[in-house]
Amino acid sequence: MNRLAKFYASSIGKKFIAAITGLILFGFVAGHVAGNLKVFTGTDSITAEGETFAVPHIDQYGHFLRKAGEPFLPAMAFLWTSRLVLLASVILHMTVVIQLSLKSAEARPVEYVRSKKKASSWSARYMMFSGSVILAFIIFHILHFTTGTIKLGQFEHGAIYKNLRNSFSLWYVSLGYVLVMGLLTSHLFHGVWSLFQTLGFDSPDRNKAIRMFAMVASIGITVGFALVPLAFLFGVLQEVPDYPHHLLENH
Ligand code: HEM
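In this text the structure is predicted, and so the values were computed from the model without any measurement.

Peer 1: What should I look at first to understand the overall build of the chain in this one?
Peer 2: Helices and strands together make up the secondary structure of the chain, namely nine helices and two strands. Helices and strands appear in the chain in the N-to-C order α-α-β-β-α-α-α-α-α-α-α. Across its three principal axes, the chain shows a C-alpha extent of roughly 75 × 45 × 40 Å. Taking all 251 residues of the chain together, 18% fall into the buried category.

Structural data, given as structure tokens:
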């Protein structure tokens, strides 16, 4: 077996892969929430053919991500590279955590004696549950807001602000998203905490600070996400008039 295969076969190797892929996914959600909060920063007035239109910042940001790297990279290259890295991270993350939990089930004696062990297996099972819901959410979410296959309110490619508004004006869509964000909070909290342990940063004098960071980061990210549906549902964010989408091309 070569060194890489040996590393993958070991429990510590798998834990390390779970931590690194978890870190990549954490980076993605942190970036995604920062981008989403652009719904609150308003619009730019863009004049074309003698008319002025209000173009939401979030639509411009989405357009920027699709165009990032051009003309040096082919169209959509940055977006597709990021998508492939994310997909590989999700697949690896799930594979190693499932393999780890099967391994620990095999090694487990018939009954636990100590309650501490029971607690840790409860949290591992809970991570499996919340992780599965988040995976199902991601598949649904891409079909909802990226491809527009699942129609919950009118959908138009590239009109991010309008799509968000059309969907989140429906109370059950907003409620569903907010509930999933609740589960995401606990998954992120446990995930960030254990990734610091796996990467060896934990120590009795740092654990309090690490726990605090895990709590602030997980709550901060999910509250940031949840603010968007809530703001549309309660009318804090208003409708923006239509604008011709080719405006984004020249801007
Ligand atoms: C209330 C919370 C959320 C809102 C309002 C939201 C909004 C959006 C929108 C509007 C898009 C489409 C962007 C575009 O067309 O350019 C999108 C894409 C996406 N979102 Fe979210 N999102 C939320 C939470 C999440 C969470 C928690 C995750 C992951 C755990 C996630 C993962 C993704 C992914 C993977 C894509 C596809 C990106 C791509 O390949 O283009 N989102 N989101």
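Peer 1: Explain the pairing of strand 2 (residues 51–56) here, please?
Peer 2: The side chains of a regular strand alternate between both faces of the sheet. As judged from the six bridges shared by strand 1 (residues 43–48) and strand 2, these two strands associate in the antiparallel manner. Residue pairing across strands places Asp 44 opposite Val 55, the latter belonging to strand 2. Counting the residues that bridge the hairpin from strand 1 to strand 2 gives two residues, and of these Glu 49 lies at a positive phi of roughly 45 degrees.

Peer 1: What is the right way to look at the nonpolar core in this model?
Peer 2: Most often, soluble globular proteins keep nonpolar side chains buried together rather than apart. Ranked by size, the top nonpolar core spans 25 residues in total, and within it Val 39, Tyr 161, Leu 164 and Met 181 carry the most contacts. Only helix 2 (11–36), helix 4 (77–107), helix 6 (160–168), helix 7 (171–198) and helix 8 (207–233) provide two or more residues apiece to this core. Ranked by residue count, the leading element in this core is helix 7, at seven residues. Those residues in contact with Leu 164 that lie beyond four places of it in its chain are Val 39, Val 228 and Phe 232.

Peer 1: Could you clarify how one ought to interpret the site of the ligand in this entry?
Peer 2: Surveying the vicinity of the ligand reveals 18 residues, the closest of which are Gly 62, Phe 145, Tyr 177, Phe 225 and Val 228. Within the residue set of the shell around the ligand, elements represented by two or more residues are helix 2, helix 5 (115–146), helix 6, helix 7 and helix 8. With six residues, the single largest contributor to the shell around the ligand is helix 5. A per-class count over the shell around the ligand returns 12 nonpolar, five polar and one charged.

Peer 1: Can you walk me through helix 4 in this structure?
Peer 2: Helical geometry note: an α-helix holds 3.6 residues per turn, so side chains three or four residues apart project in the same direction. For helix 4, spanning 31 residues, the distance from its first C-alpha to its last is 45 Å, which sits close to the expected 45 Å at 1.5 Å a residue. Residues of helix 4 that are buried sit in contact with helix 2.

Calculation notes
Residues numbered from 1 in each chain as written. Predicted model: local features only at pLDDT ≥ 70, side-chain atom pairs only at ≥ 80, totals over all residues. Helix = DSSP H or I, 4+ residues; strand = E, 2+ residues; numbered from the N terminus. Buried ≥ 20, exposed ≤ 12 C-beta atoms within 10 Å, placed from the backbone. Pairing = 2+ DSSP bridges. Core = buried A, V, L, I, M, F, W, Y, C linked by C-beta atoms within 7 Å. Contact = placed C-beta atoms within 7 Å. Near = placed C-beta within 6 Å. Nonpolar A, V, L, I, M, F, W, Y, C, P; charged D, E, K, R; others polar. Expected span 1.5 Å × (residues − 1).

It is worth stressing that arrangement in space is one thing and function is another; only the former is reported here.
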